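# Examination of the molecular architecture
Residue strings, one per chain:
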Amino acid sequence: MTQFKLHPLYTYAAYYAVSALLISYKYEASTHNGVIQMFGKVFLRNNIIDKKYGKTFNQLFSLRLTGDYEDRHILDLETEVLPLVEPAKELIDLVSEMAKKQLM
């Protein structure tokens, strides 16, 4: 088992991409939880974005909290980190593209 301490850049990339999407649609949230809730309310509940991306976003945020506040917890690379790499990339690409189109 390979252990890994998740770097916050992985989770913040998704956070800022989703934040940009919200701003491009004239929605604002001032906290991480606010961004998660607004993303769900506006884009997931209205089926604008597939709910699987909401799950990915929530998992990334949960891993960030674990990494930030549970000093003794080391994430398992194979079971906790690698399965999120591609879904996180897809989420970031999707919401970034949507934000760009909205701003054009």
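Here the structure is shown first, and the text comes after it.
Here's a quick rundown of the structure.

With that out of the way, let us pick up the overall build of the chain. Looking only at helices and strands, the chain features four helices and two strands. Sequence-ordered secondary structure for the chain, helices as α and strands as β, is β-α-α-α-β-α. Each of the 104 residues in the chain was classed as buried or not, and the buried ones make up 37%. Restricting to contacts in the chain with at least 6 residues of sequence separation, those with at least 24 account for 63%. Surface exposure of the chain reaches about 6700 Å², of which carbon and sulfur atoms provide 55%.

Inspection of the secondary structure assignment puts I23 in helix α1 (residues 8-24). The exposure class assigned to I23 is exposed, which follows from its relative accessible area of 54%. Taking the C-alpha atoms as reference points, I23 and A99, separated by 76 residues in sequence, lie 8.2 Å from one another.

With that out of the way, let us pick up the nonpolar core. Membership of the largest hydrophobic core comes to 26 residues, with the highest contact counts inside it found for F39, I49 and F57. Counting only elements with at least two residues in this core, the list comes to α1, α2 (32-44), α3 (51-69) and α4 (77-103). The greatest single-element share of this core, amounting to seven residues, is contributed by α4.

This model, assessed by the stated rule, comprises six aromatic pairs. Measuring from centroid to centroid gives 5.1 Å for Y25 and F43, while their planes differ by 85°, and the two rings are edge-to-face. Residue Y25 is found in the loop between α1 and α2, and its partner F43 is found in helix α2; the two are separated by 18 residues along the sequence. Taking relative accessible area as the criterion, Y25 reaches 27% and is therefore assigned partly exposed. Classification of F43 as buried rests on a relative accessible area of 0%. Summarising the aromatic geometry, the rings of F39 and F57 are spaced 5.5 Å apart at their centres and angled 75° between planes, so their arrangement reads as edge-to-face.

To continue, consider the side chain of S24. Residue placement: S24 occurs in helix α1. Within polar-contact distance, the side chain of S24 engages the backbone oxygen of L21 at 2.7 Å. Excluding residues within four positions of it along the chain, S24 makes contact with A99, Q102 and L103.

About the cut-offs
- Residues numbered from 1 in each chain as written.
- Predicted model: local features only at pLDDT ≥ 70, side-chain atom pairs only at ≥ 80, totals over all residues.
- Heavy atoms only, no water.
- Helix = DSSP H or I, 4+ residues; strand = E, 2+ residues; numbered from the N terminus.
- Buried < 20%, exposed > 50% of the residue type's maximum accessible area, 1.4 Å probe, protein only.
- Contact = heavy atoms within 4.5 Å.
- Areas by Shrake-Rupley, 256 points an atom, 1.4 Å probe, with all protein chains shown as cover.
- Core = buried A, V, L, I, M, F, W, Y, C linked by side-chain atoms within 4.5 Å.
- Phe/Tyr/Trp six-rings, centres within 6.5 Å; stacked < 30°, edge-to-face > 60°.
- Polar contact = N/O pair within 3.5 Å; in protein donor to acceptor, adjacent residues only side chain to side chain.

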